[in-house]
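Tertiary structure, described
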Amino acid sequence: MTDRFTKDDIQHIARLARLQLDDEQIEQYRLQLGAVLEHVQMLSQLDLDGVEPLSHPIELNNRLNDDSPQASLQLDDVLRNAPQLEGQFLAVPRILGESEDA
Amino acid sequence: MVENRTIKTAQLKVGMEIHVELSTRSKMFSRSANVAHPDHYDATPNTLVDPVVLGLPGALPVMNRAAIESSIMVGLALNCSIAEFSRWDRKNYFYPDLPKGYQISQYDLPLCFDGELEFIGANGQPQTVSIIRAHLEEDTGKLSHDISCRHGSMHVNALNQSLIDLNRAGTPLLEIVTHPDLKYADDAVIFCQELRNVCRFLNVTGGIMQRGHMRFEPNVNVIITTDEGKQIATPIVEVKNLNSFKAVKGAIEHEFNRQIKQWQETGLEMGAGMKSTRGWDADRGVTVLQREKEDAHDYRYFPDPDLPPVVVTEEWKQSIATCIPELPQQRRRRYVDEYNLTDADALTLTTDFDVSNYFESCIDMLQQRTTSDMTAAHMGKTVAKLLLNAGARRANEHHRELHDLGVTPEQIAQLIEMREANTIGSSAADELFDLLCEHDADATTLAESCGLLQVTDSAQLDSWIAQALEAEPEAAANYAGGKDNALGRIIGTIMKLSNGKADAKSASDQIRRQLRDN
């Protein structure tokens, strides 16, 4: 029951979320996430043969904006929460050798 | 046992992923202005940012109608099926250019799929590349690692930072993915150019390569046939983020050679986990293995709960289809059918959107101005001839594009009218073309002031003829004696004497009368 996740799983998930966990926390989350998964696992008891997957519970399509720009945030406000700035730019520790993704 | 790695043939195999930044006025999922729209190309960093872009709590994305319609338009132009139902998925990863922690994209239900684009290959033959899908997503912010342009070089290392501009974050981005149908680097380039051309004809992107409006990612491998007749596929390499055609060609060619060499040395073949990502080092002309983003393939896609799906009705699709203008391929066919151009000439005049529009403007201008009875076909043919001779020569000499020589369509029309009315000779017309590139004056005024107008005045002509006959007695005697081709020599002399201003036809008539008719 408590073995749905291994220590490695937790470390992997933590790395994806950029979280640094100590051994104690890893064990704590291993048990907690296991319990969450187990709870959600109840869904697998349902008979879903022939039921189409549903991504949105509300039947709503095509909520579209017209293509007309509105005011952007003030530069001061954009930069306000950044821990570090360099002129008008947000600054982060130097990242090299990785490509931009798109 | 050492394997025999002797190669009989090696065939390149390339598929393309192309990112196109759409030039809508506002962003994909919010209302900040779009940096890929011409009004905002040079916006100050971080001034096109709103709560959705920043991923502030409570901010909700809403789809931009124009971005979806532009994408459907591209899909239709590429003969794609348009999904009646498509939706948005979150591609999750942490990276500083993406404040939300995920990119909104389309995973298993893209907006457009199963298309094709025909183009004229490097060998002059039409060929077709199949389009697997074209899906819509949002672009990310821009990270700059090289800050030497903004800071003294002393600061670069001291700063030890990467800088983020979020203006580009949220720009609508259409990702087009092809089957690996391309077999030559040159064809891959032509395909990319044609695709750019189609997008520019549709007016869905600025298409400016230097601004990163289009970014190309070739997936390259090589099918090797060994001496023993065994077929081997090398591991696929994806070359990331190329933003020039030169880079596309260089990267593909380099991969072709590198992969063959790698196989000879290691024997590695295509297989699960073998795909790698490389970057292009333009200075050294080589591809370089890229350290992959940690867990790059663990994106944990799931449907975005914030955005309702997109349903495209037949009616909506049809209304978009009616907005599709004449595309390069159709224009090409029309030039051949209506103007009697050769396939090659029609291709030259349609491979660049600006050149093609310039050609069209010249014809329009001529049609508006002309009082002569030139047919539309004749006008098209004549303008084409002028642009592909005098224009191409000048463009070549000055390393410019045809539309960018400084001659207005009105000047072109004037020049052609002068030729049609025979007020200027062919070599003088060439000279006038060059002058028009440098002057704003109208063609007649310029020709007049530079003494290029054809002389049909008989007294002046008679004098030149007399001088020429005196200078070339042998040719004169031969012509008088029935040798038609001797005339060329006499006319040549007249043209030299008149600096090209003599009307060759009047001169010929006159000489015939003098030497033969009496």
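You'll find the structure just up there.
Report on the accompanying structure. (Residues numbered from 1 in each chain as written. Chains lettered and ligands numbered in written order. Predicted model: local features only at pLDDT ≥ 70, side-chain atom pairs only at ≥ 80, totals over all residues. Heavy atoms only, no water.)

Let us look at the packing of aromatic side chains. Residues and elements named next belong to chain B. Following the criterion strictly, the structure yields 10 aromatic pairs over all chains and no others. Centre to centre, the rings of Tyr 107 and Tyr 301 are 4.0 Å apart; their planes meet at 15 degrees, and the pair counts as stacked. With Tyr 107 in the loop between β6 (102-105) and β7 (112-120) and Tyr 301 in the loop between β16 (286-289) and β17 (302-303), the pair connects residues that are 194 residues apart, well separated along the chain. Members of the aromatic cluster, connected to one another through ring pairs, are Tyr 93, Tyr 107, Tyr 299 and Tyr 301. Looking at Lys 91, its charged tip hangs above the ring of Tyr 299, at a distance of 4.5 Å from the centre. One cation-aromatic arrangement involves Lys 100 over Tyr 102; the distance from NZ or CZ to the ring centre is 5.2 Å. (Phe/Tyr/Trp six-rings, centres within 6.5 Å; stacked < 30°, edge-to-face > 60°. Helix = DSSP H or I, 4+ residues; strand = E, 2+ residues; numbered from the N terminus. Lys NZ or Arg CZ within 6 Å of the ring centre and 35° of its normal.)

Residue and element names in this part refer to chain B. In total, this model carries 39 salt bridges over all chains according to the counting rule given. A salt bridge links Glu 314 to Lys 317; its shortest N-O distance comes to 3.6 Å. With Glu 314 and Lys 317 both in helix α6 (residues 314-321), this residue pair falls three residues apart, about one helical turn. As a salt-bridge pair, Asp 509 and Arg 512 come within 3.1 Å of each other at their nearest N and O atoms. (Salt bridge = Lys/Arg side-chain N within 4 Å of Asp/Glu carboxyl O.)

For the rest of this paragraph, the subject is the interface of chain B and chain A. Contacts between the two partners involve 72 residues from chain B, matched on the other side by 41 residues from chain A. The junction of chain B with chain A conceals about 5300 Å² of combined surface from both sides, 50% of it contributed by carbon and sulfur atoms. Area buried by chain B at its contact with chain A is led by Arg31(B), Phe94(B) and Gln161(B), which between them contribute 13% of it. Our count for the contact surface shared by chain B and chain A stands at one salt bridge. In this structure, Asp66(A) engages Arg65(B) in a salt bridge whose closest nitrogen and oxygen atoms are separated by 3.8 Å. Linking chain B with chain A are 21 residue pairs in polar contact (both at pLDDT 80 or more), by the criterion used here. Contributing elements (two or more residues each) for the side of chain B that touches chain A: α1 (51-54), β2 (63-64), α2 (65-77), β9 (142-144), α3 (153-159), β10 (161-165), β11 (172-178) and β18 (310-311) of chain B. Broken down by element, the side of chain B that touches chain A gets its largest block of residues, five residues, from β10(B). The residue makeup of the side of chain B that touches chain A, split by class, is 31 nonpolar, 18 polar and 23 charged. One ladder, built from two bridges, connects strand β1 (residues 64-65) of chain A with β2(B); its direction is parallel. Note on β2(B): the bridge partner recorded for Leu64(A) is Met63(B). (Contact = heavy atoms within 4.5 Å. Buried area = accessible area lost by both parts, 1.4 Å probe. Polar contact = N/O pair within 3.5 Å; in protein donor to acceptor, adjacent residues only side chain to side chain. Nonpolar A, V, L, I, M, F, W, Y, C, P; charged D, E, K, R; others polar. Pairing = 2+ DSSP bridges.)

Functional significance is not addressed by these values, which are geometric in nature.
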